[in-house]
Amino acid sequence: MSLIKGRDLRDTLSYEDSENIPTNPSDAPTLGDVINARFGRREVLRGALAVSAMAAIAGPAAGLIAKEAEAASQSFDFEEIEAALTETHAVAPGYKADILIRWGDKVMADAPAFDPMNQSAAAQAKQFGYNNDYLGFVPLPYGSNNSEHGLLVVNQEYTNNELMFPGVGEYDDTFSKATKEIVDIEMAAHGGSIIEIKKENGSWGVVEGSKYARRITAGGTEMLLSGPAAGVARVKTSDDQSGKRVIGTFNNCAGGVTPWGTYLMAEENFHGYFAGEIAADHPEAVNHKRYGVAGGWYAWSKYYDRFDVSKEPNEPNRFGWVVEVDPLDPSSTPVKRTAMGRFKHEGAESIVNKDGRVVVYMGDDQRFDYVYKFVSARPVDLENREANRDLLDEGTLFVARFEESGKVLWMPLTFGEGPLTPSNGFESQADVMIETRRAADLLGATPMDRPEDVEPNPVTGKVYVMLTNNSKREADNLNAANSRAKNPGHIVEITTPDMDHAASEATWDILVLCGDPASDESVTWGKATSNNGWFVAPDNCSVDNRGRLWVSTDGNSAKSSGRNDGLWAMETEGDLRGSAYNFFRCPIGAEMCGPKFTPDGKTLFLAVQHPADAGVDKWEPFGRKSTFEDPATRWPDFQDGMPPRPSVVVITREDGGEIG
């Protein structure tokens, strides 16, 4: 995410900065401390994490040796694209990249045509929302592996008011231009979309008038709370004395699709939607502080009391959960599964374990926060979809500690065990789940550098953890994994013992340290023949049907890397382990999100989020900040008067073969 927001921080901090001001008071060793102790700098550079020896060879011989090794072991067969800063997108030669759906396009059958000069909340609630992030594919008919017909489930994370609305620009400290009409449109543009899509005559399109079509919004969709925190006093408000019914969801980042075909929407930076203050001795004061409440990014509290914590101090406790939605039943009520913990969720990717239980991996996207997994109490029933309706309400949430020995310890967040007792302010499992972060602090979990997507590989049993960056890491805390101040990101690889994702222990390693290998000797990239393969800020990822890793980025820019964000294919095995190949390039200002393959591997869906989100601090070549009237790009329409529009891109190979 790259939205420039905040109040008094707006001109000095990016969205990542303002959302990620550390709130973790834990003094547990950081992942960098552990890596430094385990490997040491020289061993990292020479051992399992080493740059290919080819990189040390100068002159023409280096290229020859590199090409021979590459030909022998490279698993990808596409030609890389150039890394660059451009106003439009690009994809590898031999592939097509088509726009499937854009912000404002019709989702519901009776949605009006998009008119950026005459927007309304009623229209937006029927149109495709803003800033598409997670993408999931559910084949139709249910239970099949059909790769040419299915449901695309899409998270709509947040809104850029300066790019959405004419004459608004960035909000000032009093939100003077944020009218109720604009706030209602913003709320309608958040949430998610479910669309039916089909491939006919070689091209993908949206099925109009689909019985499955649905918009889920921040202001108009009723949801249930279930699990240990449902109905407790800490989630009750003046509008909901039951503590079991919530209006809406927002800041839905990465997510997941369960083995029984439901859609998991992960609520991430919920803190930013609240304003107001509570007294320092209020029962929720410590809880609010640990999550950064209230962030004050939006004007929603001006018109809706539930977003003012001075009036409704419990309302933030109703957000920060994983929401389960049944895309096959558009009349169903989404459910917030509180057994999976409350934090700034990034991703909820699941795998069926060898014993039949479901394991869901999750990251808490903030500097110095943690990696989690949830293990269901009972096995999934793949023959009876209905039997899994409440599967995610019972199970154990674990948080990770990365040991110097190379071991991962998965520690249960269970009331009454260890420090999670009344003496530390926990009176029930509900308290542990509402204050998941504080519980994890007490267990001594390892603070990480912004854990975002956490993806299990069903082919190898490994798990990839995207650590996007940590600009708050200072020079006095350098180590092998974070060998520069302001770490630009890295990827941790967890290996499960005997493919057992429910095990309490695993092992860990570093797949890659991100950055430019030409300018920083600590970077671990295997490829020595191209300047296009390196990147910073790994964010979302996907594993294709051959077990290969694809990484999307959020943070490449003129300032950080001189290249747009995009999608890179990454080797995880063999001589070229850690090598990356530039496959797709976003338009300027955009973040790459949601890579998702069809089961046959012949179609790849990508979410291009916030095109033209370009301030002069990030996009020096443009010399200006983007606005509705003067955006850095008008992608994807490139029409005068039409603003940039977040969109889903569908990629296919021109010869019809598998991607990559």
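In this report, we go over the structure that sits alongside the text. (Residues numbered from 1 in each chain as written. Predicted model: local features only at pLDDT ≥ 70, side-chain atom pairs only at ≥ 80, totals over all residues. Heavy atoms only, no water.)

1. Overview of the overall build of the chain
Then, in step 1: In terms of regular secondary structure, the chain is built from 11 helices and 31 strands.
Then, in step 2: The 660 residues of the chain split such that 63% are buried.
Then, in step 3: Taking the contacts inside the chain whose residues are at least 6 apart along the sequence as the reference set, 67% of them involve residues at least 24 apart.
Then, in step 4: With the model as given, the accessible surface of the chain reaches about 22100 Å², and the carbon-plus-sulfur share is 48%. (Helix = DSSP H or I, 4+ residues; strand = E, 2+ residues; numbered from the N terminus. Buried < 20%, exposed > 50% of the residue type's maximum accessible area, 1.4 Å probe, protein only. Contact = heavy atoms within 4.5 Å. Areas by Shrake-Rupley, 256 points an atom, 1.4 Å probe, with all protein chains shown as cover.)

2. Comments concerning the layout of surface pockets
Then, in step 1: Space inside the largest pocket adds up to approximately 1000 Å³.
Then, in step 2: In terms of lining residues, the largest pocket is bounded by 31 residues, among which Phe137, Val257, Thr258, Lys596 and Pro599 are the most central.
Then, in step 3: Those elements giving two or more residues to the lining of the largest pocket turn out to be β3 (132-139), β10 (252-257), β14 (345-352), β21 (451-456), β25 (538-543) and β29 (591-597).
Then, in step 4: The dominant element in the lining of the largest pocket, judged by the number of residues it contributes, is β3, at five residues.
Then, in step 5: Its residues assigned to classes, the lining of the largest pocket comprises 15 nonpolar, 12 polar and four charged. (1 Å grid on protein atoms, 1.4 Å probe; cavity = no way out; pocket = protein on both sides within 12 Å on 5 of 7 lines; lining within 4 Å. Points joined across faces, edges and corners; volume = space filled by probe spheres on them. Nonpolar A, V, L, I, M, F, W, Y, C, P; charged D, E, K, R; others polar.)

3. Overview of the sheet that holds strand β19 (residues 407-412)
Then, in step 1: Taken together, nine strands build an open sheet; the order of strands is β14-β15-β17-β18-β19-β24-β23-β22-β21 and the sheet is antiparallel. The outermost strands of the open sheet, each flanked by one partner alone, are β14 and β21. Geometrically, the sheet is characterised by an average inter-axis angle of 30 degrees between neighbouring strands, direction not taken into account.
Then, in step 2: As defined by bridge partners, strand β18 (residues 395-402) adjoins β19 across five bridges and the pair is classed as antiparallel. (Pairing = 2+ DSSP bridges. Axes fitted to C-alpha atoms, helices over the stretch in contact; angles between N-to-C directions.)

4. Here's the deal with the pattern of salt bridges
Then, in step 1: Within the structure shown, the criterion is met by 36 salt bridges.
Then, in step 2: Among the ionic pairs, Arg385 bridges to Asp326, the shortest N-O distance being 2.6 Å. Residue Arg385 is located in the loop between β17 (371-379) and β18, and its partner Asp326 is located in the loop between β12 (322-325) and β13 (335-337); the two are separated by 59 residues in the primary sequence.
Then, in step 3: The partly exposed category is assigned to Arg385, whose relative accessible area is 21%.
Then, in step 4: Asp393 is the salt-bridge partner of Arg337, the closest N and O atoms lying 2.9 Å from each other. Here Arg337, found in strand β13, pairs with Asp393, found in the loop between β17 and β18; they are 56 residues apart in sequence, far enough to count as distant. Of the two residues examined, Arg337 and Asp393, each falls in the buried class.
Then, in step 5: Taken together, the shared-partner salt bridges connect Arg234, Glu284, Asp431, Glu435 and Arg438 into one network. (Salt bridge = Lys/Arg side-chain N within 4 Å of Asp/Glu carboxyl O.)

5. Quick word on helix α11 (residues 436-443)
Then, in step 1: Judged by how many residues are buried, α11 sits mostly within the fold: six of eight residues are covered.
Then, in step 2: Along α11, the residues that are buried comprise Thr436, Arg437, Ala439, Ala440, Asp441 and Leu443.
Then, in step 3: Positive phi appears at Gly444, one or two residues downstream of α11, with a value of about 80 degrees.

6. Let's talk about the pairing of strand β28 (residues 580-585)
Then, in step 1: In terms of residue burial, β28 counts as a mostly covered element, since six of its six residues are buried.
Then, in step 2: Two strands pair when backbone bridges link them, and strand β1 (residues 90-91) and β28 are joined in this way by two bridges, in the antiparallel orientation. Residue pairing for β28: Ala90 is matched across the bridge by Arg585.
Then, in step 3: Both strand β27 (residues 566-570) and β28 contribute to a ladder of five bridges, which runs antiparallel. Counted as the bridge partner of Met570 is Ala580 from β28.

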